[in-house]
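What follows is the residue order along each chain.
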Amino acid sequence: MASSTTMPMLSGSGPVPFTDVDDDTVPKRPAKEEFGGLVAALPRKQQGAMELRLYQGFWLSEHWVAGTVVFQRRFSRAGTTYPKCGTTWFKALAFAAMTRAYPHPQHEHPLLRLNPHDCVPFLDDIFADGQEAKLEALPSPRLMNTHMPYTLLPESVTGMGGIAGCKVVYICRDPKDKVVSMWHFLRRRWQPDLSFAELFEHVCDGSVVVGPIWDHVLSYWHASVARPDRVLFLKYEDLLNDACGNVRRLAGFMGRPFSAAEEHAGAVEGVVELCSFERMKRLEANRKGSLYHAVPRDAFFRKGVAGDWVNYMTPEMAARLDEIVREKFRGTGLVAA
Ligand code: A3P
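An unreviewed UniProt entry lists the chain under the name Sulfotransferase, with Brachypodium distachyon as the source organism. What UniProt records for the chain under Sequence similarities (unreviewed entry) is the sentence "Belongs to the sulfotransferase 1 family."

Draft legend 1. Looking closely at the overall build of the chain. Of regular secondary structure, the chain possesses 17 helices and seven strands. When contacts within the chain are restricted to residue pairs at least 6 apart in sequence, those whose partners lie at least 24 apart make up 77%. Summed over all atoms, the accessible surface of the chain reaches about 13,600 Å², with 54% contributed by carbon and sulfur.

Draft legend 2. Layout of empty space enclosed by the protein. Counted by the stated rule, this structure contains one cavity of 30 Å³ or more. When its volume is computed, the largest cavity comes out at roughly 50 Å³. Around the largest cavity, the lining residues are Gln-47, Met-50, Leu-186, Trp-190, Gln-191, Leu-194, Val-208 and Val-209. Of the residues in the lining of the largest cavity, the class split is six nonpolar, two polar and no charged.

Draft legend 3. Region of the structure containing the layout of surface pockets. Roughly 900 Å³ of volume is contained in the largest pocket. Around the largest pocket, the lining is made up of 46 residues, and of these Lys-84, Thr-88, Phe-185, Ala-299 and Phe-300 lie nearest the centre. Contributing elements (two or more residues each) for the lining of the largest pocket: strand S3 (50-55), helix H3 (62-74), helix H4 (87-98), helix H8 (175-189), helix H11 (236-241) and helix H15 (277-282). Per-element accounting of the lining of the largest pocket gives the leading share, six residues, to H8. Of the residues assigned to the lining of the largest pocket, the class counts are 24 nonpolar, 13 polar and nine charged. Its boundaries defined by the atoms lining it, the second largest pocket holds a volume of some 370 Å³. Lining the second largest pocket are 21 residues; nearest its centre among them are Phe-18, Asp-22, Ile-126, Lys-134 and Tyr-292. Put simply, the parts of the chain that give the lining of the second largest pocket at least two residues each are helix H1 (18-21), helix H5 (116-119) and helix H6 (123-128).

Draft legend 4. Main features of the sheet that holds S3. As summarised here, the arrangement of the three strands in space is S2-S3-S4, forming an open sheet in which the pairing is antiparallel. In this open sheet, the two edge strands, each paired with only one partner strand, are strand S2 (44-47) and strand S4 (58-61). The average angle at which neighbouring strand axes cross in this sheet is 35°, direction not considered. As judged from the four bridges shared by S3 and S4, these two strands associate in the antiparallel manner. Across the sheet, residue Tyr-55 finds its bridge partner in S4, namely Phe-58.

Draft legend 5. Structural view of the site of the ligand. What surrounds the ligand is a group of 18 residues, the closest being Lys-84, Thr-87, Thr-88, Ser-181 and Lys-303. Take Tyr-236: an N or O atom from its side chain is 2.8 Å from a nitrogen atom of the ligand. Coverage of the ligand by the protein chains reaches 97% of its 570 Å² of free accessible surface. Assessed atom by atom at 2 Å from the grid points, the ligand resides in the largest pocket. Here the shell around the ligand takes three residues from H4, the largest share from any one element.

Draft legend 6. Highlighting the pairing of strand S6 (residues 168-172). Of all five residues making up S6, five are buried, and the element is well covered by its neighbours. The alternating pattern of S6 places Val-168, Tyr-170 and Cys-172 on one face and Val-169 and Ile-171 on the opposite face, and all of these are buried. As judged from the five bridges shared by S6 and strand S7 (residues 231-235), these two strands associate in the parallel manner. Each bridged residue has a counterpart across the sheet, and for Val-169 the counterpart in S7 is Leu-232.

Draft legend 7. Summary view of the pairing of S7. When you tally the buried positions in S7, you get five out of five residues, the bulk of the element. Of the two faces of S7, the one holding Val-231, Phe-233 and Lys-235 and the one holding Leu-232 and Leu-234 are both buried throughout.

Draft legend 8. Main features of unusual backbone geometry. Cis geometry marks the peptide bond from Gly-211 to Pro-212, where omega comes out at 0°. One non-glycine residue, Ala-294, lies in positive phi territory at about 60°. As for its placement among the helices and strands, Ala-294 is situated in the loop between helix H16 (284-287) and helix H17 (315-329). You can call Ala-294 partly exposed: its relative accessible area is 46%.

Draft legend 9. Fine view of the packing of aromatic side chains. With the rule as written, the count across this model stands at twelve aromatic pairs. A ring pair is formed by Trp-64 and Phe-122, whose centres lie 5.6 Å apart and whose planes are at 80°; its orientation type is edge-to-face. Linking Trp-64 in helix H3 with Phe-122 in the loop between H5 and H6, this pair joins segments that are 58 residues apart in sequence. Since its relative accessible area comes to 4%, Phe-122 is described here as buried.

Draft legend 10. Up close: the environment of Asp-22. Positionally, Asp-22 belongs in the loop between H1 and helix H2 (31-40). The sequence separation of Asp-22 and Glu-136 amounts to 114 residues, and the corresponding C-alpha distance is 9.8 Å.

Rules of the game
Along each chain, numbering runs from 1 in the same order as the chain's sequence is written. The predicted origin of the model limits local features to residues at a pLDDT of at least 70 and limits the giving and counting of side-chain atom pairs to 80 or more, whereas totals for whole chains, interfaces and linings rest on all residues. Hydrogens and water molecules were not included; the side-chain quantities draw on all heavy atoms of the structure. UniProt positions are given in the numbering used here, feature names are shortened, and annotations may be inferred rather than shown by experiment. What counts as a helix is a DSSP run of H or I of at least four residues, what counts as a strand is a run of E of at least two, and both are numbered from the N terminus. The criterion used for residue contact is that any of the two residues' heavy atoms lie within 4.5 Å. Note on areas: Shrake-Rupley, 1.4 Å probe, and residue coverage restricted to the protein chains presented here. Using a grid of 1 Å spacing that covers the protein atoms alone, one calls a set of points a cavity when a 1.4 Å probe fits there but cannot get out, and a pocket when the set is open and has protein on both sides within 12 Å along at least five of seven lines; lining residues are those with an atom within 4 Å of a point. Grid points are joined across faces, edges and corners, and a volume is the space filled by probe spheres set on the points. In this classification, the charged set is Asp, Glu, Lys and Arg, the nonpolar set is Ala, Val, Leu, Ile, Met, Phe, Trp, Tyr, Cys and Pro, and all remaining amino acids, among them Gly, are polar. For two strands to be treated as a pair, DSSP must find at least two bridges joining them. Note on geometry: axes are lines fitted to C-alpha atoms, helical ones only across the stretch in contact, with angles between N-to-C directions running from 0 to 180 degrees. The criterion for a residue being near a molecule or strand is simple. One of its heavy atoms has to lie within 4 Å of it. Nitrogen and oxygen atoms within 3.5 Å of one another constitute a polar contact, given that in protein one can donate a hydrogen and the other can accept it, and given that sequence-neighbouring residues count only through two side-chain atoms. Any molecule with more than half of its atoms within 2 Å of a cavity's or pocket's grid points is regarded as sitting in that cavity or pocket. A 1.4 Å probe rolled over the protein chains alone gives each residue an accessible area, and that area as a share of the maximum for its type sets the label: buried under 20%, exposed over 50%, partly exposed in between. Stacked, edge-to-face and tilted labels apply to pairs of Phe, Tyr and Trp rings (six-membered ring for Trp) whose centres lie within 6.5 Å, assigned for plane angles under 30 degrees, over 60, and everything in between, in that order.

What follows is the structure in structure tokens.
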């Protein structure tokens, strides 16, 4: 299962794309310069080109650990995501839903010229690179994203006296499809010779990036049960089955419900269509060039379906992973997809 979270800061008229306000003038001060000693003392695992460190119960990419410490200690406004669960899609849907009153004709919508990751900043890298001052340039309402589990988010986000209006949305996905998606993704950039069996073992023993996966999912699940007004828990499969219904839910949660007039004008369908897999995959901004960590943009748009795991996993592997997840979720009220 995988996940994604985004946090709107609700005020003003609509979010603006991050790259439109990021003029690259903020000097970098990598968080590692400040917290390198703390990072070096943590348990370590090498997986291909990726170095993982065990920080507060989760295997984080080493690049993110020091940034997470800064995020936890100094963050005063932000958001979150888990890799390969529909983060890119969800960022697009949230951004499109929040910018539907944006003063631009539909054919000039930012999502037609920008990748969703260019519109909604990824906090983990921003904090790791010591560029949090960039966030100040982003006017409210802000949409932001991170892969961090709920338990690692700063008090300013999760605490009772946290940022007013700050909300969190999390997307989870069938863990079997998540593993398949992650395998393709890691092979594109991090570890071209990674075997499926090897990744599967890492997933099962919890030592996959931002893993254990079930602890990540449960951190948000418990938060959504305890504070449904602040944390919305969605599933990738539900988005596929009923995109319009979930966009309505999302917009309502973010404090921007669709009006009867908007419903009548087809605004909900417009958001879903703008963010559809087929449409996004074709756009130049999502086909050419690369994003952070030199990841090719097209690596974020592979197949976009549920159930692709049958093409990669043996029935025994599927049963093993299902059983682990069933056991971890037992008694929580959460049912895996
Ligand atoms: P697959 O690899 O199974 O195709 P993330 O954005 O968290 O990295 O997740 C990537 C997964 O979301 C990939 O899954 C990708 O194809 C899928 N995806 C990306 N954009 C999508 C969209 N607009 N609609 C549905 N799925 C999408």
